[in-house]
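# What the coordinates show
Each chain, letter by letter, is given below.
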Amino acid sequence: MDKEQVKTELFELNQKLNQWAKEYYEKDTPTVEDAEYDQVYRQLVTLEEAHPELVSSDSITQRIGGEVSTGFTKVQHQIPMMSLGNAFNKEDLINFDKRIKKLTDIPLEYMVELKIDGLAINLRYENGKFMQGATRGDGTIGEDITNNLNTVKSIPKKLAEPLTIDVRGECYMPKKSFIALNEKREEAGENVFANPRNAAAGSLRQLDSKVTAERNLSTFIYNIADTDNFMMTTQSDSLDKLDELGLKTNHQRKLCASIEEVWEYIESLLDQRHELDYEIDGIVIKVNDFNAQQEIGFTVKAPKWAIAYKFPAEEAETIVRDIEWT
Ligand SMILES: NC(=O)c1c(N)nc(OC2CCCC2)nc1O[C@@H]1CCC[C@@H]1O
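A few points on the structure.

### Quick notes on the overall build of the chain
Looking only at helices and strands, the chain features 11 helices and 11 strands. The C-alpha atoms of the chain give 22 Å as radius of gyration, which agrees with the globular expectation for 326 residues (20 Å, within 12%). When the backbone C-alpha atoms are referred to their principal axes, the chain occupies close to 65 × 45 × 45 Å. Burial analysis of the chain (326 residues in total) assigns 48% to the buried set. Pairs at least 24 apart in sequence give 75% of the contacts found in the chain among residues at least 6 apart.

### A closer look at the site of the ligand
Neighbouring the ligand are 16 residues; Glu113, Lys115, Ile116, Tyr222 and Lys286 lie closest to it. Leucine 114 places a polar main-chain atom, nitrogen or oxygen, 3.2 Å from an oxygen atom of the ligand. The contact in question runs from an oxygen atom of the ligand to an N or O atom on the side chain of tyrosine 222, over 3.5 Å. Considered on its own, the ligand offers 490 Å² of accessible surface; in the complex 90% of this is hidden by protein. Only strand E3 (110-116), strand E8 (218-224) and strand E10 (280-287) provide two or more residues apiece to the shell around the ligand. Counting residues per element, the shell around the ligand draws most heavily on E3, at four residues.

### Some details on helix H9 (residues 259-272)
Here H9 contains 14 residues, and its C-alpha end-to-end distance of 20 Å stays within 8% of the 20 Å for a straight helix at 1.5 Å per residue. On the buried face of H9, the contacting elements are helix H3 (90-101), E3, strand E9 (253-256), E10 and strand E11 (306-310).

### A look at the packing of aromatic side chains
Scanning all chains against the criterion turns up 10 aromatic pairs. Each ring, one from phenylalanine 298 and one from tryptophan 305, has its centre 5.9 Å from the other, and the planes form 85 degrees; the classification is edge-to-face. Residue classification places phenylalanine 298 among the partly exposed positions, given a relative accessible area of 38%. Judged by its relative accessible area of 10%, tryptophan 305 is buried. Taken together, the aromatic side chains of Trp20, Tyr37 and Tyr41 make up a single cluster linked through ring pairs.

Conventions and cut-offs
Residues numbered from 1 in each chain as written. Predicted model: local features only at pLDDT ≥ 70, side-chain atom pairs only at ≥ 80, totals over all residues. Heavy atoms only, no water. Helix = DSSP H or I, 4+ residues; strand = E, 2+ residues; numbered from the N terminus. Rg over C-alpha atoms; globule rule 2.2 N^0.38 Å. Buried < 20%, exposed > 50% of the residue type's maximum accessible area, 1.4 Å probe, protein only. Contact = heavy atoms within 4.5 Å. Near = heavy atom within 4 Å. Polar contact = N/O pair within 3.5 Å; in protein donor to acceptor, adjacent residues only side chain to side chain. Areas by Shrake-Rupley, 256 points an atom, 1.4 Å probe, with all protein chains shown as cover. Expected span 1.5 Å × (residues − 1). Phe/Tyr/Trp six-rings, centres within 6.5 Å; stacked < 30°, edge-to-face > 60°.

Encoded structure:
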């Protein structure tokens, strides 16, 4: 790049980061994940290091106290919080079933769970006491949002047993709370949230947890991270254990003996989802047996023993989601 191009690039990166920081701070309607913000920020720092003579004094990197922190300290997840591969129709699920049957001889059962459309979190308990809550972030590094999660009523301060355990789940905003919040914001002339997921994310990113406390967030816990330390052998037992410990799990779940049965269950859920008081964006299908999970293994980002069936986007939903409401 010649000098002019570098200057243009520096200007554009600054524009983007300032816009995102503005959405994040002033309107708590972030439109990008922090991981993306941090990545673009690093891009700007790298370009400025290569062209120090072109760094302008009002660059976002020149702010007092260095980089525009996201206000939360970083947390390294002991065990990465993985993502899920997607399936969009019955054929994808049948291919998933065929694929993994080549990787293990253990007879397969599937644990089928609703895919809650919220913000993935990790809760750390030490000797049964809630010690730390964090966002998923990029799967390895998340943000410490303990103070905000402390205001969420469905997260117990103490477990029924004095366990040291990391559990994962989804923090979400019930539909009724989302509608009420947007009505309030509209009356106050503030931006409305595009969907409950953004509302939950914005509520958990509050630097003032008194604001989070008013947002009526809730959780569904779906995973014990360090299952080896516990006598769990299946996902089904894990979910029952989470219930026993006092953590809120989603009871709309079913153990299926075949991918055919999984598909029948999915079809039965397709219409029910509009009655639920929380948004789901699909169904998560997991191999139930933990030994089979280990044999089937993982890709870099996602387990090979799980898949998310994504609902076909409905016309109305698509239009709503496409509107840039922020
Ligand atoms: N959103 C969900 O309801 C959900 C679920 N019910 N179960 C899992 O299982 C994890 C464990 C192994 C890989 C995914 N993940 C879920 O959501 C995750 C959070 C981040 C990516 C997926 O959306």
